[in-house]
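# Geometric and topological summary
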Amino acid sequence: MSKSKHTEILVIGAGPGGYAAAFRAADLGKKVVLVDRDEHLGGVCLNRGCIPSKALLHITKVMDEAESLSKMGVTFGKPKIDVDTIRQHKDKIVLQLNNGIASMAKARKVEFIQGSATFISDSEVQVSHEDKNQTITYDYCIIAAGSSSSMLPNIPKDNKNILTSRTALDLENIPKDMLIIGGGVIGVELGQVYATLGSQVSLVEFLPNLIPGADRDIVKPLERKLKKQFKTIMLGSKVVDIKEGKSKKIKVTIDRDGKNEFYEYEKILIAIGRKPNTDLLNLGSTSIAVTDQGFISVDSYQRTSVNNIFAIGDISDNPMLAHKATHQGKVAAEVACGHPSIFDPRAIPSVVYTDPEVAWCGLTETQAKNEGTKYTKAEFPWAASGRAIAMGANQGKTKILFNPENNTVLGVGIVGPSAGDLISEGMLAIEMGADAEDIALTVHPHPTLGETVALASEVFDGTITDLFIPKK
Ligand code: NAI
């Protein structure tokens, strides 16, 4: 059976970008329909990404901290792991947030329709669920259909031991050994979860470094820790073949320094990046332009090449991060509602939620060197922070890159516990055009990790008394 309806705003995708767009448009007085293939709102981030991974990373961080207390005179017994209870705990957190979003949608009278959306033309979308189809027309459409895990070519199909971030987060069991393919954000976060829960984790990364987007110095403390937690980290190495073995194990051939090496693993996790879900929308029936990388082309108002259609989040550009999607979603909703709005941030923060956390925003040193951008660097080592020492976090550091012409902040990199929270001060400094003196003269509470941002600025200003820096 097919029916049709009209709405002022149609939002495709109920992730952090899509529901923010839908709610903002509803708050601005529009009739909004929000469509998602999943019955639960929240998208990949809530259901199969950011939130469940953080629930697991919290557990493994506490396990690790409990173990580290033995150096401080408190020893616990070996942890007993009940995977079913861990899974239920994680699912309960996700459900609580699903229900929160659903009740906010209801309170705003946003109509939620479960189904897969495909375009019929520039002005119509078909939404299908099981044997039901309906056509929706709209004044404005906001596409927030997200991304999916990229896959290696020629891997065995439907093998339950070949995981993506989605199935790895299902935490079916704790394998004795596993190979993580990809040393980016997902690879190191989930690798640390599985290693702490008891798997022997090996990791293979194509490039010479882990977390290639971040500066080497802020990744180093994490890399040192992962080297202890993982069985092996194979950098600059490439997976050339994956086969099902005779036993249930997966046979993997890895090219290391030009020589093929052969391994077998109980499970492998493929975390080699994500691709925009552009193919699922039948965009060929529209005039929406798509880039060579498969993203939907947008301008600074998130408008596509069709005037009344917007695209936001992972489907419109990199970085594929929830907080970027949320901001873009609000911009698209506001522009569609006739408000002056533009997506024009000076920076977007990145956080790796491992232990230690790694976070950075704005200019990185690697980028500055590649682009020939001039900068002056100031660092505060956490080995000089009383708070960090008390926490056993001496390996951390806070680094700020300043513009040598006017002393404003160009970029910040932090490694250590809570780096992901601390980076917000760097973001605010960049957005507000703060200079070193603004930060150094802002009274920060002592003893906190947050004061390392002010102390790094004091290093730049030459006013630091918590370190001795010989005069040049
Ligand atoms: P990624 O782009 O962060 O890392 C993928 C890594 O795989 C890269 O280092 C790449 O060099 C490597 N690689 C690619 N092909 C390979 C091959 N054949 N063999 C070995 N290594 C190979 O992608 P990832 O980790 O899959 O994450 C996907 C997206 O999800 C990212 O865009 C990230 O921004 C987002 N995400 C963000 C999180 C956060 O903000 N904490 C957490 C999880 C995901």
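The structure we're discussing is the one just above.
Residues numbered from 1 in each chain as written. Predicted model: local features only at pLDDT ≥ 70, side-chain atom pairs only at ≥ 80, totals over all residues. Heavy atoms only, no water.

## Quick word on the overall build of the protein
Rules: Here a helix means four or more residues in a row that DSSP labels H or I, a strand means two or more in a row labelled E, and each is numbered from the N terminus. Within these notes, the globule rule equals 2.2 Å times the number of residues to the 0.38 power, and the radius of gyration is based on C-alpha atoms. In what follows, residue pairs with any heavy atoms lying within 4.5 Å of each other are defined as contacts. Note on areas: Shrake-Rupley with a 1.4 Å probe; residue coverage comes only from the protein chains shown. Neither His nor the chain termini are counted; the positive set is Lys and Arg, and the negative set is Asp and Glu. To locate a charge, take NZ of a lysine, CZ of an arginine, CG of an aspartate or CD of a glutamate.
Across its full length, the protein carries 13 helices and 22 strands. Radius of gyration (C-alpha) of the protein: 24 Å, near the 23 Å computed for a compact globule of 472 residues. Across its three principal directions, the C-alpha atoms of the protein cover 75 × 65 × 45 Å. For the protein, long-range pairs separated by at least 24 residues make up 62% of all intrachain contacts whose partners lie at least 6 apart in sequence. With the model as given, the accessible surface of the protein reaches about 23100 Å², and the carbon-plus-sulfur share is 52%. On the protein, the mean spot of the 53 positive side-chain charges and the mean spot of the 56 negative ones are 5 Å from each other.

## What to know about the nonpolar core
The following threshold applies: Here the nonpolar core consists of buried residues drawn from Ala, Val, Leu, Ile, Met, Phe, Trp, Tyr and Cys, with membership extended through side-chain atoms lying within 4.5 Å. Buried, partly exposed and exposed residues are distinguished by accessible area as a fraction of the type maximum, computed with a 1.4 Å probe on protein chains only: under 20%, between the cut-offs, and over 50%, respectively.
In terms of nonpolar packing, the biggest core is built from 33 residues, with Val 188, Leu 210 and Ile 211 touching the most fellow members. The element that contributes the greatest number of residues to this core is helix 6 (residues 185-197), accounting for six residues. In this structure Leu 210 touches Gly 183, Val 188, Leu 203, Arg 216, Val 219, Glu 223, Leu 226, Ile 233 and Leu 235, once residues within four positions along its chain are discounted. Counting residues in each nonpolar core, the second largest holds 29 residues, with Ala 434, Leu 449, Leu 455 and Ala 456 among its members.

## Examining the site of the ligand
To keep it simple, the criterion reads: One heavy atom within 4 Å of a molecule or strand makes the whole residue count as near it. Any pair of N or O atoms that falls within 3.5 Å is considered a polar contact. Within protein, one atom must be able to donate a hydrogen and the other to accept it, and sequence-neighbouring residues count only if both atoms are side-chain atoms. Throughout, the ten residues Ala, Val, Leu, Ile, Met, Phe, Trp, Tyr, Cys and Pro are labelled nonpolar, Asp, Glu, Lys and Arg are labelled charged, and all others, Gly among them, are labelled polar.
Ile 186, Glu 189, Glu 205, Gly 273 and Val 351 are the nearest of the 20 residues found near the ligand. Between the ligand and Gly 273, the relevant distance is 2.9 Å, taken from an oxygen atom to a main-chain nitrogen or oxygen of the residue. A distance of 2.8 Å is found between a nitrogen atom of the ligand and a backbone nitrogen or oxygen belonging to Val 351. Its residues assigned to classes, the shell around the ligand comprises 14 nonpolar, three polar and three charged.

## So, the pairing of strand 10 (residues 200-204)
Heads up, the condition is: One requirement defines pairing of two strands: DSSP has to find at least two bridges between them. Here a crossover is taken to be right-handed if, once the strands point away from the viewer, the path from the first strand over the helix to the second is traced clockwise.
Strand 10 sits mainly inside the fold: four of its five residues count as buried. Inspection of the sheet shows strand 9 (residues 177-181) paired to strand 10 by five bridges, in the parallel sense. Across the sheet, residue Ile 180 finds its bridge partner in strand 10, namely Leu 203. Each parallel crossover has a hand, and for strand 9 linked through helix 6 to strand 10 it is right-handed. Across three bridges, strand 10 lies against strand 11 (residues 232-234) in parallel orientation. By the bridge assignment for strand 11, Leu 203 is matched with Ile 233. Handedness of the crossover is the feature at issue here: the chain leaves strand 10, passes through helix 7 (residues 216-229), returns alongside strand 11, and the resulting connection is right-handed.

## Considering the sheet that holds strand 13 (residues 250-256)
Where we set the bar: Only the stretch in contact is used when a helix axis is fitted, and all axes are lines through C-alpha atoms; the angle between N-to-C directions ranges over 0 to 180 degrees.
In space, the three strands of this open sheet follow the order 12-13-14, with antiparallel pairing throughout. Lying at the two open borders of the sheet, with one neighbouring strand each, are strand 12 (237-244) and strand 14 (259-265). Averaged over all pairs of adjacent strands, the angle between their axes in this sheet comes to 25°, without regard to strand direction. Two strands pair when backbone bridges link them, and strand 13 and strand 14 are joined in this way by seven bridges, in the antiparallel orientation.

## Remarks on the packing of helix 3 (residues 50-68) against helix 4 (residues 83-107)
In helix packing, the relevant descriptors are the interaxial angle and the interaxial distance, both defined with respect to the helix axes. What counts, and what does not: Every angle not falling under 35 degrees, over 145, or within 65 to 115 is termed oblique; those three ranges are roughly parallel, roughly antiparallel and roughly perpendicular. The handedness criterion is simple: a crossing whose near helix is rotated anticlockwise from the far helix by less than a right angle is left-handed, and one whose near helix is rotated clockwise is right-handed.
Remark: helix 3 packs on helix 4, axes separated minimally by 9 Å, with the N-to-C direction vectors making an angle of 135°. Judged by the angle between their axes, helix 3 and helix 4 are oblique. You can see that helix 3 and helix 4 cross each other, and the crossing is right-handed. For the pair helix 3 and helix 4, the contacting residues are Ile 51, Pro 52, Ala 55, Leu 56 and Ile 59 in the first and Ile 86, His 89, Lys 90, Ile 93, Val 94 and Leu 97 in the second.

## Brief notes about the state of the cysteines
One way to say it: the disulfide is the covalent bond shared by the sulfur atoms of two cysteines. Cut-off, in case you're wondering: Count a disulfide wherever a pair of cysteine sulfur atoms falls within 2.5 Å.
One pass over the structure, following the stated rule, counts one disulfide. Sulfur-sulfur distance for the disulfide between Cys 45 and Cys 50 comes to 2.3 Å. Handedness here is read from the sign of the S-S torsion; for Cys 45 and Cys 50, about -135°, the answer is left-handed. Owing to a relative accessible area of 17%, Cys 45 belongs among the buried residues under this scheme. Among the residues examined, Cys 50 registers a relative accessible area of 28% and is labelled partly exposed. Cys 337 carries a free sulfur, and the closest cysteine sulfur to it, the one in Cys 141, is 14 Å from it. Cys 361 carries a free sulfur, and the closest cysteine sulfur to it, the one in Cys 50, is 18 Å from it.

## Notes on helix 3
Put simply, the rule is: A helix is expected to span 1.5 Å for every residue after the first.
Taking 1.5 Å per residue, 19 residues should reach 27 Å; helix 3 reaches 26 Å between its end C-alpha atoms and fits that length. Within helix 3, burial applies to Pro 52, Ser 53, Ala 55, Leu 56, Leu 57, Thr 60, Met 63 and Asp 64. Where the residues of helix 3 are buried, they touch helix 2 (43-48), helix 4, helix 5 (165-169), helix 6 and helix 7.

## Remarks on helix 11 (residues 419-432)
Heads up, the rule is: The arc in question is the one traced by the directions running from the helix axis out to the C-beta atoms.
Over its 14 residues, helix 11 runs 20 Å from end to end, which matches the ideal 20 Å to within 8%, given 1.5 Å per residue. Looking only at helix 11, the buried set comprises Ala 419, Gly 420, Leu 422, Ile 423, Gly 426, Met 427, Ala 429 and Ile 430. The buried residues of helix 11 all sit within an arc of 165° when viewed along its axis, so they share a single face. Of the exposed residues in helix 11, the ones pointing more than 90 degrees away from its buried face are Asp 421, Leu 428 and Met 432. Of the residues flanking the end of helix 11, it is Gly 433, one or two places downstream, whose phi is positive at about 65°.

## Some words on the pattern of salt bridges
Inclusion rule: Salt bridge, as used here: a side-chain nitrogen of Lys or Arg that lies within 4 Å of a carboxyl oxygen of Asp or Glu.
With the rule as written, the count across this model stands at 26 salt bridges. The residue Glu 172 makes a salt bridge to Lys 160 at a minimum N-O spacing of 3.7 Å. With a gap of 12 residues between them, Glu 172 in the loop between helix 5 and strand 9 and Lys 160 in the loop between strand 7 (147-149) and strand 8 (162-163) connect regions that are remote in the sequence. For Glu 172, a relative accessible area of 44% gives the class partly exposed.

## Remarks on the packing of helix 1 (residues 16-27) against helix 8 (residues 322-336)
Contact geometry for helix 1 and helix 8: axes closest at 7 Å, N-to-C directions at 30°. Comparing the axis directions of helix 1 and helix 8 gives the class roughly parallel. The chirality of how helix 1 crosses helix 8 is right-handed. Of the residues in helix 8, those touching helix 1 at Pro 16, Gly 17, Ala 20, Ala 21, Arg 24 and Ala 25 are Ala 322, Ala 325, Thr 326, Gly 329, Lys 330, Ala 333 and Glu 334. When its residues are assigned to classes, the contact of helix 1 with helix 8 shows seven nonpolar, three polar and three charged.

Nothing here speaks to function; it is geometry throughout.
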